[in-house]
Amino acid sequence: MSAPVGADRSLGQLVASATAELSALVHDEIALAKKQLKQDVQRGLIGSAVGIAALTVLLFSLPMLSFALAYGFRTWTGLNMAICFLLSFAVNVLVAMVLGLIAWAFVKKAKKGKGPQKTVASAKQTAGVLQNAKPHPRPEPAGVLPTVSGRPYPAAALEAEGAHLDRGGEGGTAVARSSS
């Protein structure tokens, strides 16, 4: 049997190697995300440019639609051409007014909207809940000193050696007195 790769490396070297590889993995993931985002932005820009070109062609074709509408009125009604062009103009104004009313309704609805205010309120509520959350107590393994403010509390060790504690003083400090 052959020894596994890296068997002669120390634990510190293995941890350092794992940390370096994890860091490289995170950097690669970030680079991949940037590249994907760049591709999405490029596709969006190309789609927007093509959409703008389509709207431009449509805008320039509207006069042709007006002429066709006027000649269509002439054919259907037999009226004077000037009246047919005025009717065509009136239809265009009517369509523009309907589209303007639809746009006005959307703008009015957008002004009433709360937008990101709902999201911000939800985030604040979540933060408030997390601030009030209390950690669950975990059982201490045997032989471990109790801690106060993250530091080992020496009282248990002193009591184990037979010293008596005087809990007087400010802040609950313990003063050890020898029992001899």
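Calculation notes
Residues numbered from 1 in each chain as written. Predicted model: local features only at pLDDT ≥ 70, side-chain atom pairs only at ≥ 80, totals over all residues. Heavy atoms only, no water. Helix = DSSP H or I, 4+ residues; strand = E, 2+ residues; numbered from the N terminus. Buried < 20%, exposed > 50% of the residue type's maximum accessible area, 1.4 Å probe, protein only. Contact = heavy atoms within 4.5 Å. Areas by Shrake-Rupley, 256 points an atom, 1.4 Å probe, with all protein chains shown as cover. Phe/Tyr/Trp six-rings, centres within 6.5 Å; stacked < 30°, edge-to-face > 60°. Salt bridge = Lys/Arg side-chain N within 4 Å of Asp/Glu carboxyl O. UniProt positions renumbered as here; feature names shortened; annotations may be inferred. pLDDT = per-residue confidence, 0-100.

By the naming in an unreviewed UniProt entry, the chain is Phage holin family protein, taken from Streptomyces koyangensis.

J.: Report on the overall build of the chain, specifying residues and quantitative values.
T.: Along the chain, the regular secondary structure elements total four helices and four strands. Along the chain, helices and strands appear, N-terminal first, in the series α-α-α-β-β-α-β-β. Counting every position in the chain, which comprises 180 residues, the buried fraction comes to 6%. Nonlocal contacts in the chain, meaning residues at least 24 apart in sequence, comprise 2% of its contacts between residues at least 6 apart. Total accessible area computed for the chain in this model is approximately 15,700 Å², and 67% of it derives from carbon and sulfur atoms.

J.: I'd like to hear about the packing of aromatic side chains, residue by residue, with values.
T.: With the rule as written, the count across this model stands at three aromatic pairs. Judged by centre distance (6.1 Å) and plane angle (75°), the ring pair of Tyr 71 and Phe 85 falls under edge-to-face. Taken together, the residues span a long stretch of sequence, with Tyr 71 in helix 1 (residues 11–77) and Phe 85 in helix 2 (residues 81–112) at a distance of 14 residues. Residue classification places Tyr 71 among the partly exposed positions, given a relative accessible area of 47%. Residue class for Phe 85 comes out partly exposed when judged on its relative accessible area of 30%. An angle of 70° between the planes, with centres 6.3 Å apart, marks the rings of Phe 73 and Trp 76 as edge-to-face. Placement of the pair is Phe 73 and Trp 76 together in helix 1, with a separation of three residues, close to one helical turn. For Phe 73, a relative accessible area of 15% puts it in the buried group. The class of Trp 76 is exposed, set by a relative accessible area of 68%. Among the aromatic residues, ring-to-ring pairing joins Phe 67, Tyr 71 and Phe 85 into one connected group.

J.: Before we move on, can you summarise the pattern of salt bridges with the specific residues and values?
T.: Tallying each qualifying case throughout the model produces one salt bridge. Asp 40 is paired through a salt bridge with Arg 43; the nearest N and O atoms lie 3.7 Å apart. Of this pair, Asp 40 and Arg 43 both sit in helix 1, three residues apart, roughly one helical turn.

J.: Quick rundown of the UniProt feature "transmembrane region" (unreviewed entry) in the chain? Include the residues and the values.
T.: If you check UniProt for "transmembrane region" (unreviewed entry), the listed places come out as residues 44–73 and 79–107 in our numbering. Taken end to end, residues 79–107 is 93% helix and 0% strand, and its two terminal C-alpha atoms sit 40 Å from one another.

J.: Could you give an account of the confidence of the model for the chain, naming the residues involved and the relevant values?
T.: Mean pLDDT over the chain works out to 75, with 61% of the residues at or above the 70 mark. By mean pLDDT, the top-scoring element of the chain is helix 2 (90), and the lowest-scoring one is strand 4 (residues 175–177) (47). Every residue in residues 168–180 is under pLDDT 50, and counting partners more than four places away or in other chains gives 19 contacts.

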